Amino acid sequence: MYFINENYINNLLDDDSLSSIHLQKDILTKASEAKGLTLRESAALLNISSPELYCELFHRAKQVKEKIYGNRLVLFAPLYISNLCVNNCLYCAFRKDNRELKRKALSLEEIEAETKFLVMQGQKRILLVFGEHPKKASIDYIGDTISSIYKINYNGNNIRRVNVNVAPLSFENFKALKSFGIGTYQCFQETYHFRTYMEIHPEGPKKDFAWRLYAMDRALQAGIDDVGIGALFGLTDYKFETLALLMHAQDLDSKYGIGPHTISIPRLEPALNAPAAKNPPHAVDDLSFNKLVAVIRLTIPYTGIILTTREKPEIRRELFEVGVSQISAGSRTAPGSYRESQESLHQHELEQFQLGDHRNLDEVVRDCTLLGYLPSFCTACYRSQRTGDRFMELAKSGNIGKFCTPNALATFKEYLNDFASDETKKIAGEFLKKEIEGINGTTRKKVEKMIGQVDAGERDVYM
Ligand code: SAM
Ligand code: SF4
């Protein structure tokens, strides 16, 4: 019935021939061409267990990420708008049976104040997050939220890309969402395993597995050509979940010629009164988590892989090395929490789940440059109509970097000039200089010109 063929995945998982070290080595050689892998090949890589092949897997994933995306890491922050929810997902603190959670939906004034806070930190991209609610996540409320965010501008600093994570919409409402000027529409299937899905979503509209599974089809048919899929790891066997997630990506690509712009890989975190989060039925250990990220990178080289502050800094650093390309920083997961201090707010009474990385944006940026990664605040593609198949064409051919590197450098310079601490300015300034010195030919000239414009006070310089 669905494009997720559980039998096919289970047969791959049961196929002992896919544990052959010989076969796995051959697949790793093929993977380094950055042309992607079949599901069968991904299943074989998920079976890797020898330390030597683990090393090779991670090395190849890093190489492929660098081939497509260079050393860039795109930064964003989530903005939680409402924690009211009519569903009862057993892993989430926002679920309706959690009577201890303080419910809050931000007013437009509060949304403006939160946005101002994020702008003043230096953020340029945000991800809006809503619980599912007929009023406090209605399409009109979403539209008002987005337009009030885009209106805010402080001395040329503003949010330039708003991505949205909200429950699946109808075709008509997706059309409306597109008209609000969103970047990516993001929604996670949570688990592609039908029986598990039904068990952990006991009531509310989210009970409808197929409505959620086909959300991206409706979004794409309605003209949203940037979509982000994901799975919540820990609910079922991670190998099954990874293969199903990849199957979803390949299904979208084959039907629409556009695969997912991003893949998110949240791991279950503890959450207030959320039984499935307290004892994850299939907790994923760190090594397996690194492995599945590397396999996603090698199977779909062009996709952005998103990692959030659910994970601790040490794990985040490891995952940068195996293919992650977008990260959140300085995040809070309770509506209204950016302006309030953690202590005064009693965050846990409002937040969705516990965070693993509590560092602010400046600290994360500094750490990235120390590790050799270039933080990017670029939002140019959406605004230059490089979305959908245009973006995919550039990403699949490895040519997207021609735009991304100069834009990353210019937006990073903007960040350093306007928002960085003295320590970060010093460390990252040196890093930036070396990055520019490493560029050749006409691109170097273009970059130097863009940096000159930023230093002269121009903002939002991009190509
Ligand atoms: N309510 C909408 C929905 O469910 O699609 C969108 C927002 S929901 C707040 C965003 C995502 O948070 C969910 O899709 C889920 O994957 C993730 N999430 C929920 N509880 C979590 C937990 N305990 N740990 C980690 N991620 C969690
Ligand atoms: Fe509501 Fe989404 Fe949390 Fe489920 S995951 S309880 S739908 S906010």
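Our subject in this report is the structure included herewith. Everything quoted here is computed from the prediction, not taken from an experiment.

**Things to note about the packing of aromatic side chains**
Throughout the structure, instances matching the rule amount to 14 aromatic pairs. For the ring pair phenylalanine 117 and tyrosine 338, a centre distance of 5.8 Å and an interplane angle of 25 degrees mean the geometry is stacked. Residue phenylalanine 117 is located in helix 5 (residues 108-121), and its partner tyrosine 338 is located in the loop between strand 8 (326-328) and helix 15 (342-345); the two are separated by 221 residues in the primary sequence. Residue class for phenylalanine 117 comes out partly exposed when judged on its relative accessible area of 27%. Where phenylalanine 194 meets phenylalanine 209, the ring centres are 5.1 Å apart and the plane angle is 90 degrees; that geometry is what we call edge-to-face. Taken together, the residues phenylalanine 194 in helix 8 (residues 194-200) and phenylalanine 209 in helix 9 (residues 209-213) connect sequence positions 15 residues apart. Joined through ring pairs, the aromatic side chains of Tyr2, Phe194, Tyr197 and Phe209 make up one cluster. Directly above the aromatic system of phenylalanine 289 lies the positively charged group of arginine 267, at a separation of 4.2 Å from the ring centroid.

**Here's the deal with the site of ligand 2**
Around ligand 2, a shell composed of Cys85, Asn87, Cys89, Tyr91, Cys92, Phe94, Arg95, Gly131 and Lys206 is seen. Of all the cavities here, the one that holds ligand 2 is the largest cavity. Partitioned by chemical class, the residues of the shell around ligand 2 number five nonpolar, two polar and two charged.

**Regarding the site of ligand 1**
Tyr91, Glu190, Lys206, Arg212 and Gln352 are the nearest of the 21 residues found near ligand 1. Here tyrosine 91 contributes a backbone N or O atom positioned 2.9 Å from a nitrogen atom of ligand 1. At 3.0 Å, a backbone N or O of phenylalanine 130 approaches a nitrogen atom of ligand 1. Protein burial of ligand 1: of its 560 Å² of free accessible surface, 96% is covered by the chains. The residue inventory of the shell around ligand 1, partitioned by class, reads 11 nonpolar, three polar and seven charged.

**Re the packing of helix 2 (residues 21-31) against helix 4 (residues 51-69)**
At a minimum axis separation of 10 Å, helix 2 and helix 4 run at an interaxial angle of 15 degrees. For the element pair helix 2 / helix 4, the angle class is roughly parallel. Classified by chirality, the crossing of helix 4 by helix 2 is left-handed. Facing Ile21, Gln24, Lys25, Leu28, Thr29 and Ala31 of helix 2, the residues of helix 4 in contact are Glu52, Leu53, Glu56, Leu57, Arg60 and Val64. Among the residues forming the contact of helix 2 with helix 4, the class breakdown is six nonpolar, two polar and four charged.

The rules behind these values
- Residues numbered from 1 in each chain as written.
- Chains lettered and ligands numbered in written order.
- Predicted model: local features only at pLDDT ≥ 70, side-chain atom pairs only at ≥ 80, totals over all residues.
- Heavy atoms only, no water.
- Phe/Tyr/Trp six-rings, centres within 6.5 Å; stacked < 30°, edge-to-face > 60°.
- Helix = DSSP H or I, 4+ residues; strand = E, 2+ residues; numbered from the N terminus.
- Buried < 20%, exposed > 50% of the residue type's maximum accessible area, 1.4 Å probe, protein only.
- Lys NZ or Arg CZ within 6 Å of the ring centre and 35° of its normal.
- Near = heavy atom within 4 Å.
- 1 Å grid on protein atoms, 1.4 Å probe; cavity = no way out; pocket = protein on both sides within 12 Å on 5 of 7 lines; lining within 4 Å.
- Sits in = over half its atoms within 2 Å of the grid points.
- Nonpolar A, V, L, I, M, F, W, Y, C, P; charged D, E, K, R; others polar.
- Polar contact = N/O pair within 3.5 Å; in protein donor to acceptor, adjacent residues only side chain to side chain.
- Areas by Shrake-Rupley, 256 points an atom, 1.4 Å probe, with all protein chains shown as cover.
- Axes fitted to C-alpha atoms, helices over the stretch in contact; angles between N-to-C directions.
- Parallel < 35°, antiparallel > 145°, perpendicular 65-115°, else oblique.
- Left-handed = near helix turned anticlockwise from the far one by under 90°.
- Contact = heavy atoms within 4.5 Å.

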